[in-house]
Amino acid sequence: MPEAEGGRGAAMPRRTPATKDPTAVERANLLNMAKLSIKGLIESALSFGRTLDSDYPPLQQFFVVMEHCLKHGLKVRKSFLSYNKTIWGPLELVEKLYPEAEEIGASVRDLPGLKTPLGRARAWLRLALMQKKMADYLRCLIIQRDLLSEFYEYHALMMEEEGAVIVGLLVGLNVIDANLCVKGEDLDSQVGVIDFSMYLKNEEDIENERDVQIAAILDQKNYVEELNRQLNSTVSSLHSRVDSLEKSNTKLIEELAIAKNNIIKLQEENHQLRSENKLILMKTQQHLEVTKVDVETELQTYKHSRQGLDEMYNEARRQLRDESQLRQDVENELAVQVSMKHEIELAMKLLEKDIHEKQDTLIGLRQQLEEVKAINIEMYQKLQGSEDGLKEKNEIIARLEEKTNKITAAMRQLEQSDNDLLTQTRTIAMSLVKYASSDTQDQYKLVKDISF
């Protein structure tokens, strides 16, 4: 029997199954697990109907599967004390390839409580899912295979076509809204184990799911029929609204045409007003030049014709001070000028009573002051009408101030002559006092007032 068996064995050669590459099998298994995990997560999330949180089991399994996919073929890095094998290195490389990923990398590094690179990588995956940018980030990573070769072996999942397929599947996760609390979660000590029971189902579970799906489909059918009835009623109401809106639209179109015509007319009027404004501005500039010459001549005449006493000089100096204040504050110019007018009139009345000999000079000065006031009022009115005129008037005012300073210098020279005149007047008055009689009391009083 042993010989026979041996002979039979020699007659029928054994067929050895073709050996497969274990790394290829691992990549295929991880790809299938990624497909199941992403598909189950999307289907459950859509049926769940609200934002997912960290405790959702399909979401937890998705992160575990992604962690295994990223760890496949990862090179071991030797450190001073131990060996290091983590996925944080390639994920951190995304910042250099994708500028928008700088924010997520900085956020992960700023998170308190993360002590290991694996914890940072897990936090990075959760933040990328919330941003709906995980597919974009990993696509930039797998394109640069020359850079990935520093972290992965040549047969790794991220270096082969399976990595590109998984990145394409991750695009479907953009329909999911996730609200994950990364700050308070312990990501360093979690153990990533794939729960295959979530993806393996028997026939009874499949039939129960089919019954549930059929019942849900019937409920959806009834809901759609009821919704269709409501939509038909809303469509009829919308038709009536559309008719009314079309009528109102025609009215609005007519009103719009009328408004456009009015706008065209207003634009023409605006153009005419601008041209008129330019003409007025030119006329005002010419008039200001003429007034400038008149003011200069009047100031020259005022400089040569000025005679006064101490009271007149003080009054004129107060007036110049008020004029400079009026030029600095244009809004209060009119009120200050009115007060100056009253003060000047009162001073002129007092001077007319006190000194009869210099009445002609005072009258001339008052007329000149009134003309200067009229010119200032006219300039103020024109300043309110045009801002350009205001700048030119400010230049005129500056020139007037320079001329006023010259006038004050001339007035100081006249003070000396006034003092001399005053002494002569007093001597004349004292001589008149000696020759005045007791019968002419009024003359004596007048001479006394002049002398003192």
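Residues numbered from 1 in each chain as written. Predicted model: local features only at pLDDT ≥ 70, side-chain atom pairs only at ≥ 80, totals over all residues. Heavy atoms only, no water.

Labelled according to an unreviewed UniProt entry, the protein chain appears under the name RUN and FYVE domain-containing protein 2 isoform X6, originating from Callorhinus ursinus.

What about the packing of aromatic side chains?
Scanning the model with the defined rule gives 3 aromatic pairs in all. With a centroid separation of 5.5 Å and an interplanar angle of 55°, the aromatic rings of Phe-62 and Phe-63 are classed as tilted. Side by side, Phe-62 and Phe-63 carry an identical accessibility label, which is buried. Plain terms: the ring middles of Tyr-98 and Tyr-137 are 5.3 Å apart, the flat faces sit at 70° to each other, and that makes the pair edge-to-face. Of this pair, Tyr-98 sits in the loop between helix H4 (88–97) and helix H5 (102–110) while Tyr-137 sits in helix H7 (residues 134–143), and the two are 39 residues apart along the sequence. According to the relative accessible area criterion, Tyr-98 is buried, its value standing at 18%. Of the residues examined, Tyr-137 reaches a relative accessible area of 1% and is grouped as buried. Put simply, the rings of Tyr-98, Trp-124 and Tyr-137 pair up and form one aromatic cluster. Of note, Arg-126 hangs over the ring of Phe-63, and the distance from its end group to the ring centre comes to 4.3 Å. (Phe/Tyr/Trp six-rings, centres within 6.5 Å; stacked < 30°, edge-to-face > 60°. Buried < 20%, exposed > 50% of the residue type's maximum accessible area, 1.4 Å probe, protein only. Helix = DSSP H or I, 4+ residues; strand = E, 2+ residues; numbered from the N terminus. Lys NZ or Arg CZ within 6 Å of the ring centre and 35° of its normal.)

Structural notes on empty space enclosed by the protein
Under the criterion given, the structure shown has 7 cavities of 30 Å³ or more. When its volume is computed, the second largest cavity comes out at roughly 50 Å³. Contributing to the lining of the second largest cavity are Met-66, Cys-69, Leu-70, Leu-138, Met-158, Gly-163, Ile-166, Val-167 and Leu-170. Mapped by element, the contributors of at least two residues to the lining of the second largest cavity are helix H3 (57–71) and helix H9 (161–170). Here the lining of the second largest cavity gets 4 residues from one element, more than from any other, and that element is H9. Of the residues that constitute the lining of the second largest cavity, the class distribution is 8 nonpolar, 1 polar and no charged. (1 Å grid on protein atoms, 1.4 Å probe; cavity = no way out; pocket = protein on both sides within 12 Å on 5 of 7 lines; lining within 4 Å. Points joined across faces, edges and corners; volume = space filled by probe spheres on them. Nonpolar A, V, L, I, M, F, W, Y, C, P; charged D, E, K, R; others polar.)

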